[in-house]
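Residue-level structure breakdown
Chain residues, written in single-letter form:
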Amino acid sequence: MKKDFADKGLSRRAFLGLGATAAVAAGAAGLAGCAPAAKEEAKVGGGAAEGAAGGSTAGSPTEFVPSFLNAPAAVDESKVKETIDVDVCVVGLGLAGICALREAAEAGATTIGLEKSPDLGYRSGEFGTFGSQIHQQLGIEQPEPQEVVNELMRVMGNRPNARLLNYWIANSGKDLDWYIGSAEHELLKSDHDTPTDPEKPYVFPERCPVNENYDWRKENYPCFPGMVHLLPDHGWAMRGTLEAAQAAGAEARFNVKGEQLIKQGDKVVGIYATAENGDVVRVNTKKGVILSCGDMSSDTEMLTYYAPQATKYACFFSTMDKDGKPVNTGDGHKMALWAGAVMEDGPYAPMTHSLGTNSIGIDPYLMVNQDGERFANEDVGAQELQNAIKRQKSGVSYQVFDSKWKEQLSVMPQCFGGVTHYVPPEQEAEYAHAINHFAAGYASDTYFQGEIKAGSILQADSIEKLAEAIKVPAATLKGTVVRYNELAHAGSDADFSKTPARLFPVETPPFYAAPFGDSGMLVLIGGIDCDVECRALNESKEPVEGLFVAGNTMGGRFLVDYPVTVAGASHSMAMSFGRLAGRCAAAGK
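The rules behind these values
Residues numbered from 1 in each chain as written. Predicted model: local features only at pLDDT ≥ 70, side-chain atom pairs only at ≥ 80, totals over all residues. Heavy atoms only, no water. Pairing = 2+ DSSP bridges. Helix = DSSP H or I, 4+ residues; strand = E, 2+ residues; numbered from the N terminus. Axes fitted to C-alpha atoms, helices over the stretch in contact; angles between N-to-C directions. Contact = heavy atoms within 4.5 Å. pLDDT = per-residue confidence, 0-100. Core = buried A, V, L, I, M, F, W, Y, C linked by side-chain atoms within 4.5 Å. Buried < 20%, exposed > 50% of the residue type's maximum accessible area, 1.4 Å probe, protein only. Expected span 1.5 Å × (residues − 1). Polar contact = N/O pair within 3.5 Å; in protein donor to acceptor, adjacent residues only side chain to side chain.

So, on to the sheet that holds strand E13 (residues 397-402). Within the open sheet, the 4 strands sit side by side as E12-E13-E17-E16. Their pairing is antiparallel. Bordering the open sheet on either side are strand E12 (366-369) and strand E16 (458-460), each of which pairs with just one other strand. Averaged over all neighbouring strand pairs, the angle between strand axes comes to 30°, with direction disregarded. Pairing geometry for E13 and strand E17 (residues 511-516), over 6 bridges, is antiparallel. The partner of Ser 397 across the bridge, within E17, is Phe 516. Strand contacts of helix H14 (residues 463-470): E13, E16 and E17, with the helix running at about 150° to E16, the strand carrying the most contacts.

Before going further, it helps to examine the confidence of the model for the protein chain. Of the residues in the protein chain, 90% have a pLDDT of 70 or more, and the chain-wide mean is 89. Confidence drops under a pLDDT of 50 for residues 1-57, and excluding neighbours within four residues, the segment shows 114 contacts in the predicted structure.

Here we come to the nonpolar core. Core analysis: the largest hydrophobic core is formed by 135 residues, its most contacted members being Leu 101, Trp 168, Tyr 179, Leu 261, Val 283, Leu 291 and Phe 577. Here this core gets 10 residues from one element, more than from any other, and that element is helix H16 (residues 569-586). With residues up to four places along the chain from it excluded, the contact list for Leu 101 reads Val 90, Leu 93, Thr 111, Ile 112, Gly 113, Leu 242, Ala 245, Ala 250, Glu 251 and Ala 252. One finds Ala 460, Leu 466, Ile 470 and Val 481 within the second-largest nonpolar core, a separate group that totals 20 residues.

Below, the discussion takes up the sheet that holds strand E4 (residues 186-187). Within a sheet, each strand pairs with its neighbour through backbone hydrogen bonds, oriented either parallel or antiparallel. Judged by pairing direction, the sheet is mixed, and its 4 strands sit side by side in the order E3-E6-E5-E4 without closing on themselves. Looking at strand neighbours, the two that pair on one side only are strand E3 (126-128) and E4, the edges of this open sheet. Summarising the sheet, strand E5 (residues 202-205) and strand E6 (residues 227-231) pair through 4 bridges and their orientation is antiparallel. Bridge pairing in E6 places Phe 204 opposite His 229.

Once that is clear, we can look at helix H7 (residues 235-247). An α-helix turns once every 3.6 residues. As a result, residues three or four positions apart point the same way. Here H7 spans 18 Å end to end across 13 residues, near enough to the 18 Å set by a 1.5 Å rise per residue. Residues of H7 that are buried include every one of Gly 235, Trp 236, Ala 237, Met 238, Gly 240, Thr 241, Leu 242, Ala 244 and Ala 245, and no others. Buried positions along H7 lie against helix H3 (95-106), helix H6 (162-180), E5, E6 and strand E7 (251-254). Once H7 ends, the next one or two residues include Gly 249, with phi positive near 110°.

A separate point is the side chain of Ser 354. Position of Ser 354 relative to the elements: it lies in the loop between strand E11 (349-350) and E12. In this structure the side chain of Ser 354 is engaged in a polar contact, spanning 2.6 Å, whose partner is the side chain of Gln 386.

With that settled, the discussion passes to the environment of Arg 239. Mapped onto the elements, Arg 239 comes out in helix H7. With 141 residues separating them in the primary sequence, Arg 239 and Ile 98 have C-alpha atoms 8.9 Å apart. Discounting chain neighbours no more than four positions away, the residues touching Arg 239 are Asp 119, Leu 120 and Tyr 122. Here the side chain of Arg 239 touches Asp 119 through a polar contact of 2.8 Å, side chain to side chain.

This is how it looks when you write it as structure tokens:
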């Protein structure tokens, strides 16, 4: 993701915390339609203000039934214009869906995929996987599976399904090989390598090689190595996988929206859908329907009901349907619920991590709020950092550091959003690709000065003038810096317990501040309860026969918070569980 200050496009880093101004402006401009509606507008299919029978919300909150739980009227069969008979139908052709479509077809099942938008849905192409041919070829050392599972379960309160996590870790590497093997691409040998042609498909190994100063086993918040990034965007792998599915006999239809599942007794045997022209299409399935329709963060009623804390974030979702509306409206969740499946127990996980500037990232320098006060241990993951920032006044904070930042980068955590390498002027041309890539972790004088010019980093000759620039009380900020310097020289953070190795005094001018704004939300992760074969479960924890879930429609993967211990885990799991759902559905399990 090359960034240019003249480019007015919205990068992932820009949206997820490139200063207060950038984040707020982005939410208010192009993304306003995705943000939660005002209370008086928050009505979906009858509105959150009315219960299942049209009653008010007065009385016990536990008895309230939101309108989206009401199944729609049965489809009039006389309005069906087309009937399709297949083994497997995949609903939603994002990453999980396209992998399910290909795997089911390659397993020999007659397969059709339905997608309500005009094209495949995808965003960034970061994948956190284990044991792929790429890792073996580049000699990337990775942790043992139990290390990863234990850490993920720890940071998510022991709530996910550990069997799902174990399956993913054991299979993600070969799934990545299968996925990207569908299209020709170039593999870069390191994170500072340069592609032969940046406009053609290539795989970028992020934070490779691992910084010799970084040992994840000694970190308070470890970030495991091995993430790869599919560039110049993720589309080449998606389209290659679609072509492979079609070569295996699958059909894909776009601008076709899944509406209701069809059941015979307790078994799901198909789905009704609406074509672009409004015609009703009936798809009969012999073996199963796979719901991979994405998350629910653009359905205000669902978001408010399942994760009210997430309504404070502007939702960032770029895939739109034919009418220009976001597609992540919980369609799969609703259809599964109407068919007898249940949601997993929460709390659900908003993906809201901060990334900071390209030159400094989320490196754990001193961070203060609008009152000029320090408020947390800064040495945490991107998601955890945003959690702390969100609880400050106006959801704003400032990273404060001094002119010695270049020599301090080498001991910073090699994590998602971190910056660990300074490139001197004479090497900038050689490292240009890495410097301009938002997650590579390389900084340079030229880029740093560009961020000052753009206003994403502020500079001053004194702490008092820096306070004036970021509009915080000068006396308070000065006191905070004095206290922080005392802790740094003592080599012990008695206030917030940050590791002494990253406790740098702020005392050599010029001084700098990088504003952190209110992060946007990429998705809300919470889905249908399922087993290790991606079968949707009912309230008795029994499979709903003929119904499978994958991607952000499925549960069991992420709860409480989205962990960036494995950067790119969401994409990787969508790939692996999409493929698994396709395999299990094709087998008629």
